[in-house]
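Examining the three-dimensional arrangement
Next come the chains, spelled out residue by residue.
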Amino acid sequence: MAKKVLVTGGAGYIGSHTCVSLLEAGYEAVVVDDLRNSDKEALNRVEELTGKKVDFYQFDVCDEAKLDKVFSEHKINSIIHFAGLKAVGESVEKPLEYYDNNINSTLALCRMMLKHKVKNLIFSSSATVYDQKNEVPLSEEGTLGCSNPYGWTKLMCEQILRDLTHAHKELSVVLLRYFNPIGAHESGIIGEDPTGIPNNLLPYITQTALGRREQLTVHGNDYDTPDGTGVRDYIHVVDLANGHVKALQYADSRTGSDAINLGTGKGYSVLDIVKAFEEVNGVKVPYVIGPRRAGDLATVYAAPQKAKEVLGWEAEKGIEDMCRDAWRWQKKNPQGYRNS
Ligand code: NAD
Ligand code: WQD
């Protein structure tokens, strides 16, 4: 019988792509998402793409009574926990919302694991849990520490999950630390659909190329990097999604907790990305240089070796693929899922 995975936040950007990877790999997906930052249409399209059905429940993951019902109705083998708030700037303005949602949703799932004897959980962590003093490439052994409430929620959830596996030896948790996911499924049918003005680089670029934004502001060109603009480890969202399938297999084969980077190990500057996007898609991205954005670092990229060693996973797609696929999604869906 196919294994069932509970995917919290499965209608979101990374969650919807991961549902495709799971269904293609022969898993069944049960999604819980209250759609606070996503659209049900994303899941319709996952079904269209894969020809398979997703069981969908719309409610807040912190609602334990409703969660309990889902776990009673389905024999869940593993959980992938994407649901959470993720905007760094907003977390500084509204720290309690971030701590409340990100931590309580994780605690609720921990209790469900114990009650319903679910052994595996894959947690969406972030490169932001690494202390800023670490040198690049960032390895899993680096010291941990954060500079904003969003990051602390991720680090605190990691600690909660580590403590849980320590107390309950039968459990298995994989903490996946994502670098900068960008791009979209190559069909152009699902992709990233931020509400309001995008904070992140790629959606800002695609909306600028489309004419929805006048110009990109490059946040500083006086960093100690080859061209002065910030350098990041951009990873194609489909590679990232496939990493979750590998992480499920790994979780099944062991117990305890383990933190693993999902990145490419390569750093690209803001201007590298603008140039690649323009070249591969034959469009212009007008930009101006602005001041540095508060809290930004000069250079962030992963040491990706552990994922290769323990998961047998490595990123396969390059920045050209990422830029081409992001643009295909945006062109086909100029207003995101609100087109339909
Ligand atoms: P997203 O906002 O697109 O997806 C998150 C989903 O969770 C949304 O569909 C939202 O409606 C849902 N959600 C949030 N709180 C919920 C709750 N209490 N109950 C039910 N549903 C809830 O974000 P994403 O980019 O797909 O990120 C997924 C996860 O990966 C998040 O935990 C995020 O912190 C983490 N992450 C993202 C990035 C990134 O750059 N996108 C990087 C590192 C880590
Ligand atoms: C990338 C680069 C910007 C927008 C954030 C979170 C991190 C993780 C991923 C969740 C930087 C520059 C951006 C713009 C720009 N999320 N930029 N103009 O800041 O690396 O990471 O998302 O865990 O925690 O902090 O990503 O896409 O915002 O920025 O010049 O309009 O692009 O300064 O150098 P970031 P980003």
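Heads up: the structure comes first, above all this text.
In this text, all values refer to a predicted model and were calculated from it rather than measured experimentally.

Along its length, the protein chain carries 11 helices and 13 strands. The C-alpha atoms of the protein chain give 19 Å as radius of gyration, which agrees with the globular expectation for 340 residues (20 Å, within 12%). By its C-alpha atoms, the protein chain is 55 × 45 × 40 Å across when sized along the principal axes. In the protein chain, which comprises 340 residues, the share counted as buried stands at 55%. Put simply, 79% of the contacts in the protein chain that link residues at least 6 apart link residues at least 24 apart. Accessible surface for the protein chain amounts to roughly 14600 Å². Of this, 49% is attributable to carbon and sulfur atoms.

Take the site of ligand 1 next. In the vicinity of ligand 1 there are 26 residues, among which Asp 33, Asn 37, Ser 38, Asn 101 and Tyr 150 approach most closely. A distance of 3.3 Å separates an oxygen atom of ligand 1 from a polar backbone atom of Gly 12. Surface burial for ligand 1 is 95%, taken as the share of its 820 Å² of free accessible area covered by protein chains. Taken together, the elements giving at least two residues each to the shell around ligand 1 come down to helix 1 (13-24), strand 5 (120-126) and helix 6 (149-167). Ranked by residues supplied to the shell around ligand 1, first place goes to strand 5 with 3 residues. Grouping the constituent residues of the shell around ligand 1 by class yields 11 nonpolar, 9 polar and 6 charged.

A complete count under the given rule lists 2 aromatic pairs for this structure. For the ring pair Trp 329 and Tyr 337, a centre distance of 5.0 Å and an interplane angle of 55° mean the geometry is tilted. Of the residues examined, Trp 329 reaches a relative accessible area of 3% and is grouped as buried. For Tyr 337, a relative accessible area of 4% gives the class buried.

Moving on to the sheet that holds strand 11 (residues 256-262). Overall, parallel pairing links the 7 strands, which are arranged 3-2-1-4-5-6-11 in an open sheet. The outermost strands of the open sheet, each flanked by one partner alone, are strand 3 (55-57) and strand 11. The sheet shows a mean angle of 20° between the axes of neighbouring strands, taken without regard to direction. Of the strand pairs in this sheet, strand 1 (residues 4-8) and strand 2 (residues 28-32) are connected by 5 bridges, and their pairing is parallel. Bridge pairing links Val 7 to Val 31 in strand 2. With respect to the sheet, helix 6 is in contact with strand 5, strand 6 (172-178) and strand 11, its orientation differing from that of strand 5 by roughly 155°.

Bringing the layout of surface pockets into the picture now. Over the atoms rolls a probe the size of a water molecule, and in doing so it shows where empty space is left. Taken as a whole, the second largest pocket holds about 190 Å³ of empty space. Lining the second largest pocket are 16 residues, and of these Gly 263, Thr 264, Lys 266, Ala 315 and Lys 317 sit closest to its centre. Only helix 10 (305-311) and helix 11 (319-332) provide two or more residues apiece to the lining of the second largest pocket. Of the residues in the lining of the second largest pocket, the class split is 7 nonpolar, 4 polar and 5 charged.

Attention now goes to the packing of helix 1 against helix 8 (residues 237-252). In contact at an axis separation of 8 Å, helix 1 and helix 8 are set at 60° when each is read in the N-to-C sense. It follows from the interaxial angle that helix 1 and helix 8 lie oblique. Seen from above, helix 1 lies across helix 8 with right-handed handedness. For the pair helix 1 and helix 8, contact is made by Tyr 13, Ile 14, His 17, Thr 18, Ser 21 and Leu 22 and by Val 237, Val 238, Leu 240, Ala 241, Asn 242, His 244, Val 245 and Leu 248, respectively. Of the residues assigned to the contact of helix 1 with helix 8, the class counts are 9 nonpolar, 5 polar and no charged.

Rules behind the numbers
- For every chain, the first residue of the written sequence is number 1, and numbering continues from 1 onward in sequence order.
- Both sets of labels track the order of writing: A upward for chains, 1 upward for ligands.
- In view of the model being predicted, local features appear only for residues whose pLDDT reaches at least 70, and side-chain atom pairs are presented and counted only at 80 or more, with totals across whole chains, interfaces and linings using the full set of residues.
- Computation of side-chain values: all heavy atoms of the structure, hydrogens and water removed.
- Only runs of H or I of at least four residues qualify as helices and only runs of E of at least two qualify as strands under DSSP, and these elements are numbered from the N terminus.
- Here the globule rule reads 2.2 Å times residues to the power 0.38, and the radius of gyration is calculated from C-alpha atoms.
- Buried means the residue's accessible area, taken with a 1.4 Å probe over protein chains only, is under 20% of the maximum for its type, while exposed means over 50%, and partly exposed covers the values in between.
- By definition in these notes, contact holds between two residues if any of their heavy atoms fall within 4.5 Å.
- Per-residue and other accessible areas follow the Shrake-Rupley method at a 1.4 Å probe size, with only the shown protein chains counted as cover for residues.
- Summary of the distance rule: residues count as near a molecule or strand when at least one heavy atom falls within 4 Å of that molecule or strand.
- Distance and chemistry together define a polar contact, namely a pair of N or O atoms within 3.5 Å, with one atom able to donate a hydrogen and the other to accept it when in protein, and with adjacent residues in sequence counting only for side-chain atoms on both sides.
- Amino acid classes used here: Ala, Val, Leu, Ile, Met, Phe, Trp, Tyr, Cys and Pro are nonpolar; Asp, Glu, Lys and Arg are charged; the rest, including Gly, are polar.
- Within 6.5 Å between ring centres, the rings of Phe, Tyr and Trp (the latter by its six-membered ring) count as paired, and their orientation is classed by plane angle as stacked under 30 degrees, edge-to-face over 60, tilted in between.
- Paired strands, as defined in this entry, are two strands with at least two bridges between them according to DSSP.
- Here an axis means a line fitted to C-alpha atoms, over the contact stretch when the element is a helix, while the angle between two N-to-C directions is reported on a 0 to 180 degree scale.
- Put simply, the grid is 1 Å and covers the protein atoms alone, a cavity is a trapped set of points that fit a 1.4 Å probe, a pocket is an open set with protein on both sides within 12 Å along at least five of seven lines, and lining residues have an atom within 4 Å of a point.
- Grid points are joined across faces, edges and corners, and a volume is the space filled by probe spheres set on the points.
- For classification purposes, an angle smaller than 35 degrees is called roughly parallel, one larger than 145 roughly antiparallel, one from 65 to 115 roughly perpendicular, and anything else oblique.
- Note on convention: the crossing is left-handed when the near helix lies turned anticlockwise from the far helix by less than a right angle, right-handed when the turn is clockwise.

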